[in-house]
Amino acid sequence: MTERVLVSLAVILAAAHVFARLAQRVRQPVVVGEIIAGIALGPSLLGLVPGNPVDVIFPPEVRPYLQVLSQVGLVLFMFGIGYEFDGSQLRGHGRQVTAVSLSSVILPFALGAGLLCVLHPWLTGAGTTVRGRLVPALFLGAAMSITAFPVLARIISERGLQKDRIGAMAVACAAIQDFLAWVVLAVVVALAQSTGGWPLARMTLASAALLLFLWYAVRPGLTWLFAPGRPWPGPALIHAVLVVGLLLCAWATQALGLHAVFGAFAFGVIVPRAVIDRTAPEVPERIEQTSLFLLPVFFMVTGLSVNLGALGGQGLLILLAVLVTACFGKFAGAAGAARLTGATKPQAAALGVLLNARGLTELVILNVGLSLGVLDSRLFTAMVVMAVATTVMTGPLLDRFHPAARPRPVPGESGDRRREGQDLVTVREETS
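Here is what the cut-offs are and how they apply
- Residues numbered from 1 in each chain as written.
- Predicted model: local features only at pLDDT ≥ 70, side-chain atom pairs only at ≥ 80, totals over all residues.
- Heavy atoms only, no water.
- Helix = DSSP H or I, 4+ residues; strand = E, 2+ residues; numbered from the N terminus.
- Contact = heavy atoms within 4.5 Å.
- Areas by Shrake-Rupley, 256 points an atom, 1.4 Å probe, with all protein chains shown as cover.
- Patch = residues over 30% accessible without salt bridge, like charges linked within 9 Å, V, L, I, M, F, W, Y side chains within 5 Å.
- Salt bridge = Lys/Arg side-chain N within 4 Å of Asp/Glu carboxyl O.
- Buried < 20%, exposed > 50% of the residue type's maximum accessible area, 1.4 Å probe, protein only.
- Expected span 1.5 Å × (residues − 1).
- Polar contact = N/O pair within 3.5 Å; in protein donor to acceptor, adjacent residues only side chain to side chain.
- Phe/Tyr/Trp six-rings, centres within 6.5 Å; stacked < 30°, edge-to-face > 60°.
- Lys NZ or Arg CZ within 6 Å of the ring centre and 35° of its normal.
- Core = buried A, V, L, I, M, F, W, Y, C linked by side-chain atoms within 4.5 Å.
- pLDDT = per-residue confidence, 0-100.

Caption draft 1: Structural context of the overall build of the chain. The number of helices and strands found in the chain is 19 helices and zero strands. Long-range pairs, those at least 24 residues apart, make up 82% of the contacts in the chain between residues at least 6 apart in sequence. Only carbon and sulfur atoms are counted for the fraction: they give 67% of the accessible area of the chain, which is about 18,100 Å².

Caption draft 2: Summary view of a nonpolar patch on the surface. On the surface, Leu134, Val187 and Leu191 cluster together into a nonpolar patch covering about 250 Å² of accessible area. Here Leu134 shows up in helix α6 (residues 134–145). In this structure Leu134 comes out as exposed when scored by relative accessible area, which is 57%.

Caption draft 3: Representation of unusual backbone geometry within the structure. We note that Asn52 has phi near 55°; this positive angle belongs to a residue other than glycine. Judged by its relative accessible area of 39%, Asn52 falls in the partly exposed class.

Caption draft 4: Looking closely at α6. Its twelve residues give α6 an end-to-end C-alpha distance of 17 Å, which sits within 8% of 16 Å, the value for a rise of 1.5 Å per residue. Taken across its twelve residues, α6 has ten buried, putting it largely inside the fold.

Caption draft 5: Layout of the pattern of salt bridges. Counted according to the given criterion, the structure contains two salt bridges. Between Glu61 and Arg4 there is a salt bridge whose closest N-O contact spans 2.2 Å. Within this pair, whereas Glu61 is found in the loop between α3 (53–57) and α4 (63–84), its partner Arg4 is found in helix α1 (residues 2–25), the two being separated by 57 residues in sequence. A salt bridge links Asp55 to Arg63, with the shortest nitrogen-to-oxygen separation between them at 2.7 Å. Residue classification places Asp55 among the partly exposed positions, given a relative accessible area of 34%.

Caption draft 6: Representation of the side chain of Ser145 within the structure. Tracing the sequence through the fold places Ser145 in helix α6. Only 3.4 Å separates the side chain of Ser145 from the backbone nitrogen of Phe109, close enough to count as a polar contact. Setting aside its immediate chain neighbours within four residues, Ser145 contacts Ser104, Val105, Pro108, Phe109, Ala181 and Lys330.

Caption draft 7: How the structure looks around helix α5 (residues 94–119). Taking 1.5 Å per residue, 26 residues should reach 38 Å; α5 reaches 38 Å between its end C-alpha atoms and fits that length. When we look at burial in α5, the residues that qualify are Gln96, Val97, Val100, Ser101, Ser104, Val105, Pro108, Gly112, Ala113, Leu115, Leu116 and Leu119.

Caption draft 8: Spotlight on the packing of aromatic side chains. If you walk through the whole model with that rule in mind, you get three aromatic pairs. Each ring, one from Phe79 and one from Phe267, has its centre 6.1 Å from the other, and the planes form 35°; the classification is tilted. Of this pair, Phe79 sits in helix α4 while Phe267 is found in helix α11 (residues 260–270), placing the two residues 188 residues apart along the sequence. Accessibility assignment for this pair places Phe79 and Phe267 in one class, buried. An aromatic cluster of at least three residues, connected via ring pairs, comprises Phe79, Tyr83 and Phe267. Here Arg400 stacks its cationic end above the ring of Phe401, 5.9 Å away from the centre of that ring.

Caption draft 9: Spotlight on the nonpolar core. Ranked by internal contacts, the top residues of the largest apolar core, which has 108 residues, are Leu242 and Phe267. Looking at which element gives the most residues to this core, the answer is helix α8 (residues 165–193), with 13 residues. When near neighbours in sequence (up to four residues on either side) are disregarded, Phe267 contacts Phe79, Leu214, Val218, Leu222, Val241, Leu242, Gly245, Leu246 and Cys249. Listed in part, the 14 residues of the second largest apolar core include Val5, Ile12, Phe58 and Leu304.

Caption draft 10: Structural view of the environment of Ile287. You can see Ile287 is positioned in helix α13 (residues 282–303). Considered as a pair, Ile287 and Leu76 are 211 residues apart in the sequence and their alpha carbons are 6.5 Å apart. Look past the residues within four positions of Ile287 in its chain and what remains in contact with it is Leu76, Phe79, His239, Leu242 and Val243.

Caption draft 11: View of the confidence of the model for the chain. Here the chain shows a mean pLDDT of 81. Residues at 70 or above account for 85%. Contacts from residues 410–432, a stretch scored under 50 in pLDDT, to residues over four places away or in other chains number 26 contacts.

Put into structure tokens, the structure is as follows:
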């Protein structure tokens, strides 16, 4: 079993590197190449080759191990994004973040639910078990409202926008609106499975309690523990505490019904960054490097559940309707609210472009809908294509509306990675 897992990892990492290089050659973020590599290794492309190479390279007994590795890489990366999140960029702009978050959820949700009602007579029912329009409409609205939080965070990281106000706003808005979208998704799941409303209320209350505990108990405790001059070893202790803490927070939010990425991100936000940057600035870098090694596994594992088939003439019309509705809803909702709350036209457009990226977070949600019997096969395929298309268009449109954002060097490249780490340390020292 060990040798099979190692071979699968070798194939994933090699494909991710090749596709990442190709993506950069066409001015796409590295993450776009890794997403396409993950889908290409699944049934959509590799599965078309005779001999069933997908099951040969990634046999069913290996996939649970890859799933675990993918989730570990994802939560490690989201801790790093939370750690680099600079809340000072948002001071005085709380009203703007709230307005953009709500608008970029409500408008695409309404349009998505309305689109399902329009398309319902065309849906063949293949693979669906839920009757009526209410649950499918609510689900499609929630799916349209989502932003690929991990993918968006990765794009922002690669382009050095963590300390840019638009980048910070995009991460904050994506976190808020994805929380709302996951809550709506929980309602849809409850309706589809008739589990009632108490689990949803319990999840909301427990999530709020967790955030309060992290901010008012864990953060002061870490500040005291990591303070300079303590008799215990610095970097080794900090590394262990940070990894244990982010994993426990990821577990907590996963257990509450939210995705694990929110717990890892929240823990990254509350850790005392100024103290860590003075005592052990290399520790967050080590965690980030580990996450960049494992993230391609996350993209590939999700790509295994994606199978793009022939849509047919009617399916192409469904795809076109899905693309137009998704892009207009997100962009207009985010950019319109940002413009009305004081953002310039380029800033509003850049924010709308960033929040329009769906990525494989969308594919995870779509697979939930498919497993619940909410989506039929053609609508599922159209939504998958929309998720990839909105992510691919993010890079070129961001170059147009926010020219200051430029992709960083390929992660893992010798020399470039070391210089990047040195630059981060320099920035931290200058801002501390």
